[in-house]
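Examination of the molecular architecture
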Amino acid sequence: MNKRDIEPFFAALKAANPSPQTELEYTTVFELLTAVLLSAQATDVGVNKATRKLFPVANTPQAILDLGLEGLEGYIKTIGLYRSKAKHLMQTCRMLVELHGGQVPRTREELEALPGVGRKTANVVLNVAFGESTMAVDTHIFRVSNRTGLAPGKTPLAVEMQLLQRVPPAYAVDSHHWLILLGRYVCQARKPRCWECVVARYCDFTPKTPAP
Ligand code: SF4
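Residues numbered from 1 in each chain as written. Predicted model: local features only at pLDDT ≥ 70, side-chain atom pairs only at ≥ 80, totals over all residues. Heavy atoms only, no water.

**Considerations on the layout of surface pockets**
Note the cut-off: Cavity means a closed set of points on a 1 Å grid over the protein atoms alone, one where a 1.4 Å probe fits but cannot get out, pocket means an open set with protein on both sides within 12 Å along at least 5 of 7 lines, and lining means a residue has an atom within 4 Å of a point. Grid points are joined across faces, edges and corners, and a volume is the space filled by probe spheres set on the points. Runs of H or I in DSSP of at least four residues are treated as helices and runs of E of at least two as strands, each being numbered from the N terminus. Residues were grouped as follows: Ala, Val, Leu, Ile, Met, Phe, Trp, Tyr, Cys and Pro as nonpolar; Asp, Glu, Lys and Arg as charged; and all remaining residues, including Gly, as polar. The source of the domain bounds is an automatic or database domain assignment.
In this structure, the largest pocket occupies an estimated 480 Å³ of space. The wall of the largest pocket is formed by 25 residues, among which S39, D44, D138, I180 and R184 lie closest to the centre. It is helix 10 (residues 172-185) that contributes the most residues to the lining of the largest pocket, 6 residues altogether. Here the residues of the lining of the largest pocket are counted per class, giving 11 nonpolar, 9 polar and 5 charged. Of the domains in this structure, domain 1 (3-20 + 134-202) and domain 2 (29-128) are the two that each give at least three residues to the lining of the largest pocket.

**A look at the UniProt feature "binding site: [4Fe-4S] cluster" (unreviewed entry) in the protein chain**
So the rule is basically this: UniProt positions are given in the numbering used here, feature names are shortened, and annotations may be inferred rather than shown by experiment. Buried, partly exposed and exposed residues are distinguished by accessible area as a fraction of the type maximum, computed with a 1.4 Å probe on protein chains only: under 20%, between the cut-offs, and over 50%, respectively. Should any heavy atoms of two residues lie within 4.5 Å, those residues are counted as being in contact.
UniProt's entry tags C187, C194, C197 and C203 with the feature "binding site: [4Fe-4S] cluster" (unreviewed entry), counted in the numbering of this structure. Spanning 17 residues, the annotated positions come together in the fold, the maximum distance between their C-alpha atoms being 10.7 Å. None of the other annotated residues line the largest cavity; only C187, C194, C197 and C203 do. Locating C187 in the fold gives a position in the segment after helix 10. What makes C187 buried here is its relative accessible area of 9%. Leave out the neighbours within four places in its chain, and C187 touches R143, V144, R147, L182 and P192.

**Quick look at the side chain of E160**
With respect to the element layout, E160 can be found in helix 9 (residues 156-166). A relative accessible area of 4% means that E160 is categorised as buried. Every residue in contact with E160, bar those within four places of it in the chain, is listed here: R119, N123, M135 and V137.

**Quick word on the packing of aromatic side chains**
As a reminder of what qualifies: The pairing test for Phe, Tyr and Trp rings, Trp by its six-membered ring, is centres within 6.5 Å, and the orientation test on the planes gives stacked under 30 degrees, edge-to-face over 60, and tilted for anything in between.
Counting across every chain of the model gives 3 aromatic pairs. Arranged with centres 5.8 Å apart and planes meeting at 25°, the rings of F10 and Y171 form a pair that is stacked. Of this pair, F10 sits in helix 1 (residues 3-16) while Y171 sits in the loop between helix 9 and helix 10; the two residues are 161 residues apart in sequence, bridging distant segments of the chain. The burial state of F10 is the same as that of Y171; both residues are buried. In this structure an aromatic cluster arises from ring pairing among F9, F10, Y171 and W178.

**Points about the pattern of salt bridges**
Counted only if it meets this: Salt bridges are identified by distance alone: a Lys or Arg side-chain nitrogen within 4 Å of an Asp or Glu carboxyl oxygen.
Inspection of the entire model under this criterion finds 7 salt bridges. Ionic pairing is found between R184 and E23, a salt bridge with its closest N-O pair at 2.5 Å. A residue pair is termed long-range when its members are at least 10 positions apart, and R184 in helix 10 and E23 in the loop between helix 1 and helix 2 (29-38) qualify at 161 residues. E23 gets classed as partly exposed once you look at its relative accessible area, which sits at 31%.

**Quick notes on the site of the ligand**
Rule in force here: Proximity is defined per residue: any heavy atom of the residue falling within 4 Å of a molecule or strand makes that residue near it.
T148, C187, P192, R193, C194, C197, A200, C203, F205 and K208 make up every residue found near the ligand. Split by residue class, the shell around the ligand holds 7 nonpolar, 1 polar and 2 charged.

**Comments concerning unusual backbone geometry**
Backbone phi values are negative for most residues with the exception of glycine, while trans is the configuration of most peptide bonds. Cis geometry marks the peptide bond from T206 to P207; its omega dihedral reads -10°. With a phi close to 55°, Q41 is a non-glycine residue in the positive phi region. Within the secondary structure layout, Q41 lies in the loop between helix 2 and helix 3 (44-57). Here the phi dihedral of L81 falls at roughly 60°; this positive angle occurs in a residue that is not glycine. Locating L81 in the fold gives a position in the loop between helix 4 (61-76) and helix 5 (82-100).

Okay, structure coming up:
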């Protein structure tokens, strides 16, 4: 993608959706961290279904610890990889209570030191909860960045670095959501819906999918 097309690319996404939001449901930073931790290789819809039952009962690190491992598993067993996620979440809650006064820390280093929290999860929390211009490259952002030519790269980290360089500052905080939503609903893996895509004119992908 030509450099001069990047600004209008994001302007088009912004015009179509001025305030994009995460589709994970949460009301506190700890709920967000929990939902993101549970969402690896799972859908936001599936995570929301489980957390709608979990959060009214336990939405603080201490309350999750009080549930115990089996109690927690009971709430999240519909989510893929729930056993390891439950274990990581319990360990994370223990660290939050013992090292951070029960609060979610604000730095990448402290977040990534939590069990089950990798670079992507830390990026989501830093972006969504703390408004930082981080870029959590998931499968959707990886595909869209490569297909469109916006930020080609062989690994998620390479794409992340390209995006951090190429996304204009005015769009930096929200770009993560625009790209995820574009990939989830329009630029889908098997058959991109180019005929209804608002950024088609800036996108390198050829041939574009015709309207059915
Ligand atoms: S034009 Fe097609 S390939 Fe390009 S971003 Fe839109 S849906 Fe994806």
